[in-house]
Amino acid sequence: MIVTYLLGAAILLPILSGLLLLCCQDRFVNRRVKCLLIFLVMAAASALVVRLMFFEDYELTLWRLTDTLEIRMRMDDLTRLFAGMTVAAWTLGGVFAFEYMKHEEKEDRYFGFYLIVMGVLIALDHAGNLITLYLFFEMMTLTSLPLVLHTLSHEAVMAGLKYLFYSIAGAFMALFGIFYLYANRLGGNFCEGGYLLVTDAYTGSGTMTLFVLLLVLVGFGTKAGMFPMHGWLPTAHPVAPAPASAVLSGIITKAGVLAIIRVLFYTVGPEVLRGTWVQYVWMTLTLTTVFMGSMMAYKEPLLKKRLAYSTVSQVSYILFGLSVLNESGMAGALSHFVFHSAVKNCLFLAAGAVIYKTGRKTVSELAGIGKEMPVTMWCFTLVSITLVGIPPTSGFISKWYLAEGSLRSGIDFYSWFGPVVLLLSAMLTAGYLLPISIRAFFPGDGYDYKKLQKKEPNLLMTAPMVLFTAAAVLLGMFPGPFMVFVQNLAAGIFQGGGV
C-alpha cells in the first residue's frame, strides 16, 4: 500500500503543481518564491522516485479500465535506470531554466508544462504493460509540445507541428502493433526476456508478427530520431528554449528507446527477431542514422541545430546496441543512454548559456568565447571529448561494449561493418565538436583581446553544467559499480523468458 501512495505522489505532485501554475500564470508577485516552490516540487518528486528504487521489484495496478485493460506499474532495474536519469536531468535542467527563462516571455507557462512532463515521464518509466506504456507515451508527446512551441514564432509553430505530425505517425504504427499483440493474447505484463516463445496462448502468424514488430520499431524509433522518421528532431530542438532542448534531446528521445526495449525484450522476446530480415533492416536503419546524423552535424553552421543532428546520430548508437540482440550490445546501449543523456544535456545547456550571455547562435561566432566564458566552454569541451569516445571518459566505455556486441553478434557483414560505422561517426563527432573548443580557447591573431569581457553565467546556470560534466567524466574513470549494474540488467533480460 505504501508503494502505491509513494508512486502516486511522485506522478501527481509535479502534474498537479504544473496545472496549478498554468492556472495562476503571471499572478506570482515574488519570482524567487515561485522558483523555490518549483524546485521543491521537482526535488520532492525526485526524492520519491529515489525512495521507490530501494523497494524490492514490484507490480501494482493503479486503475482498471476494463476486465482486460489496466493501468499497471512496475519496478525493476530498467525502471530504476530510466527513472533515475529522468529525475536527475529534469531537476538540473529546471534549475538552469530559473535563470535562463528570465529573458523569455510566459515563463509560468513554460514551467507549468515542464512540471507536467516530468510527472508523465515518471509514469512512463514505471509502466508495467503495453497499454500503460502507450498511454503515457502519447501523453508525453502532447504535454511536451508546448515546450517546442514556447516562443510562438512562425518557426516554432512550424517546428511544433512537424514534431506533432511525426510523433502521431510513429505512435499510430506502434499502436497497430500493440493492437495485434493484444488481439493475439500477447498483451500481458512485462517480464524479462519476453514470453512469446514460452507460451502456447499466442495465436498470431510468424510472418505477420515480424511485419508488426518492424512497424513497432519504426514507430517508437520516431521519438528516438531513427531514419526515416528523424526529420522532426533537428527542426524542433533548436527552436525550443535551451533548457527544453536539453531535456528533449537528453531524455525525451530516450522514451522511444525505453518503449522498444519494453516491447522487444519484455513482451515478445529477442529470439523472435534473431536472424530474421527484420533484424537486418533494423540494423541497417540504425547504422544509416548514425552516419547520416554525424554528416549532417558536421555540415551544420547553427550550434543548436548541430547538436540536434548529433542527437540523431548518438541515439541510434543505442538502438544499434539493442539490434545486435546480445548482452554486450545491451550493456553498451544502456550505458550509452546514461552517458549520452548527461553529455547532451550539458551541451545544450552550454549552448543556452552562450546564447543567454552573448546572443551568439552560429559556430562561426564562437571564436574566443572560451576567454569570455571559460567554465562554460570547459564543460562543453570535456563532454565533447566524452561524446567522441576518448578514454578515460564514459563515452569510451559504452562504445567499447557496443563494438564488442557487434563483433559477437555472429552476423557476417554487420559484425564488422557496425564498428566501422561507429568509428567513422566518432571521427565526424570530433570534427564537428572539437574545432568549436579549439577556436573558443585559441581564436587566432584576428581576435581583439582588448574587448575581452568576462560573461560567465551565474551559479544557477553553471552548477548543472558542472554536475553533468562531472558525471560524464567520472563515470568513465570509475565505471565499475555502474557497469556491474548495467551488465547484470542486460544478463537478466537475456536469461529471462518466463511468464
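Small disclaimer: the values here were computed from a predicted structure and weren't measured.

Caption draft 1: Just the overall build of the chain, in detail. Secondary structure assignment for the chain yields 18 helices and 2 strands. Its C-alpha atoms give the chain a radius of gyration of 22 Å, near enough to 23 Å, the size a compact globule of 499 residues would have. When the backbone C-alpha atoms are referred to their principal axes, the chain occupies close to 75 × 55 × 45 Å. Summarising the internal contacts of the chain: among those between residues at least 6 apart in sequence, 81% fall at separations of at least 24. Accessible surface, the chain: about 18700 Å² in total, of which carbon and sulfur atoms supply 68%. Looking at the chain, you have 34 positive and 28 negative side-chain charges, and the mean spots of the two groups are 8 Å apart.

Caption draft 2: Highlighting the pairing of strand β1 (residues 58-64). In this sheet, strand β2 (residues 70-75) lies alongside β1 in antiparallel orientation, the contact comprising 6 bridges. Paired with Arg-64 across the two strands is Glu-70, which belongs to β2. Counting the residues in the hairpin turn of β1 and β2 gives 5 residues.

Caption draft 3: Structural view of the pattern of salt bridges. Counting across every chain of the model gives 17 salt bridges. In this structure, Arg-31 and Glu-107 form a salt bridge, with 2.8 Å as the shortest nitrogen-oxygen distance. Linking Arg-31 in helix α2 (residues 31-53) with Glu-107 in helix α4 (residues 107-125), this pair joins segments that are 76 residues apart in sequence. A residue is classified by how much of its surface remains accessible, and Arg-31, at 24% relative accessible area, is partly exposed. Accessibility expressed as a relative area gives 13% for Glu-107, which makes it buried. Where Lys-455 meets Glu-372, a salt bridge forms, and the shortest distance between an N and an O atom there is 3.7 Å. One end of the pair, Lys-455, is in the loop between α16 (412-441) and α17 (459-477); the other, Glu-372, is in helix α13 (residues 369-372), and 83 residues separate them in sequence. Judged by its relative accessible area of 21%, Lys-455 falls in the partly exposed class.

Caption draft 4: The arrangement of the packing of aromatic side chains in detail. In this structure the tally under the stated criterion is 18 aromatic pairs. Ring centres 6.2 Å apart and planes at 10° place the aromatic pair Tyr-280 and Tyr-414 in the stacked group. Taken together, the residues Tyr-280 in helix α10 (residues 277-299) and Tyr-414 in helix α16 connect sequence positions 134 residues apart. What makes Tyr-280 partly exposed here is its relative accessible area of 32%. Ring geometry for Phe-413 versus Phe-417: centroids 4.8 Å apart, planes at 20°, classification stacked. Pair noted here: Phe-413 and Phe-417 are both in helix α16, with a separation of 4 residues, about one helical turn. Judged by relative accessible area, which is 41%, Phe-413 ranks as partly exposed. Of the aromatic side chains, those joined through ring pairs into one cluster are Trp-90, Phe-98, Tyr-110, Phe-111 and Tyr-114. We note Arg-51 situated over the ring of Phe-55; from NZ or CZ to the ring centre the distance is 4.4 Å.

Caption draft 5: Here's a closer look at the nonpolar core. Core analysis: the largest hydrophobic core is formed by 168 residues, its most contacted members being Phe-220, Phe-265, Trp-282 and Leu-322. Setting aside anything within four residues of it in sequence, one finds Phe-265 in contact with Cys-191, Glu-192, Gly-193, Gly-194, Ile-260, Pro-270, Leu-322, Leu-325, Met-330, Ile-493 and Phe-494. Formed by 11 residues, the second largest nonpolar core is a distinct cluster that contains Val-290, Val-324, Tyr-414 and Leu-422.

Caption draft 6: Quick look at the packing of helix α14 (residues 374-388) against α17. At a minimum axis separation of 9 Å, α14 and α17 run at an interaxial angle of 25°. By the angle between their directions, the pair α14 and α17 is classed as roughly parallel. Here α14 runs over α17; the crossing is left-handed. Seen from α14, the contacting residues are Val-375, Thr-376, Cys-379, Leu-382, Val-383 and Thr-386; seen from α17, they are Met-465, Val-466, Thr-469, Ala-472 and Val-473. Grouping the amino acids of the contact of α14 with α17 by side-chain chemistry returns 8 nonpolar, 3 polar and no charged.

Caption draft 7: Broad picture of the state of the cysteines. Counted under the stated rule, the structure contains 0 disulfides. There is no disulfide at Cys-346, and the cysteine sulfur nearest it, in Cys-379, is 5.0 Å away. For Cys-379, a relative accessible area of 6% gives the class buried.

Caption draft 8: Structural view of the environment of Met-73. When you line up the elements, Met-73 lands in strand β2. Through-space distance from the C-alpha of Met-73 to that of Asn-189 is 9.3 Å; in sequence the pair is 116 residues apart. Not counting residues up to four positions away in its chain, the partners in contact with Met-73 are Leu-7, Ile-11, Tyr-58, Glu-59, Leu-60, Leu-62, Ala-123, His-126, Ala-127, Gly-128, Thr-132 and Phe-136.

Caption draft 9: Just the packing of helix α9 (residues 242-268) against helix α11 (residues 303-323), in detail. Orientation of α9 relative to α11, taken along the N-to-C sense of each, is 20°, at an axis distance of 11 Å. Classified by the angle between their axes, α9 and α11 sit roughly parallel to one another. Like other packed secondary-structure pairs, α9 and α11 cross with a definite hand, here right-handed. Between α9 and α11, the residues in contact are Ala-242, Ser-245, Ser-249, Thr-253, Lys-254, Val-257, Ile-260, Ile-261 and Phe-265 and Lys-304, Thr-311, Val-315, Ile-318, Leu-319 and Leu-322, respectively.

Caption draft 10: How the structure looks around a nonpolar patch on the surface. Taken together, Phe-291, Met-295, Leu-407, Phe-413, Trp-416, Val-420, Leu-424 and Met-427 make up a surface patch of nonpolar side chains, about 770 Å² in accessible area. The set of elements that each furnish at least two residues to the nonpolar patch consists of α10 and α16. Here the element with the most residues in the nonpolar patch is α16; it accounts for 5 residues. Its place among the elements puts Met-427 in helix α16. A relative accessible area of 59% means that Met-427 is categorised as exposed.

About the thresholds
- Residues numbered from 1 in each chain as written.
- Predicted model: local features only at pLDDT ≥ 70, side-chain atom pairs only at ≥ 80, totals over all residues.
- Heavy atoms only, no water.
- Helix = DSSP H or I, 4+ residues; strand = E, 2+ residues; numbered from the N terminus.
- Rg over C-alpha atoms; globule rule 2.2 N^0.38 Å.
- Contact = heavy atoms within 4.5 Å.
- Areas by Shrake-Rupley, 256 points an atom, 1.4 Å probe, with all protein chains shown as cover.
- Lys, Arg positive; Asp, Glu negative; His and termini not counted.
- Charge placed at Lys NZ, Arg CZ, Asp CG, Glu CD.
- Pairing = 2+ DSSP bridges.
- Salt bridge = Lys/Arg side-chain N within 4 Å of Asp/Glu carboxyl O.
- Buried < 20%, exposed > 50% of the residue type's maximum accessible area, 1.4 Å probe, protein only.
- Phe/Tyr/Trp six-rings, centres within 6.5 Å; stacked < 30°, edge-to-face > 60°.
- Lys NZ or Arg CZ within 6 Å of the ring centre and 35° of its normal.
- Core = buried A, V, L, I, M, F, W, Y, C linked by side-chain atoms within 4.5 Å.
- Axes fitted to C-alpha atoms, helices over the stretch in contact; angles between N-to-C directions.
- Parallel < 35°, antiparallel > 145°, perpendicular 65-115°, else oblique.
- Left-handed = near helix turned anticlockwise from the far one by under 90°.
- Nonpolar A, V, L, I, M, F, W, Y, C, P; charged D, E, K, R; others polar.
- Disulfide = S-S within 2.5 Å.
- Patch = residues over 30% accessible without salt bridge, like charges linked within 9 Å, V, L, I, M, F, W, Y side chains within 5 Å.

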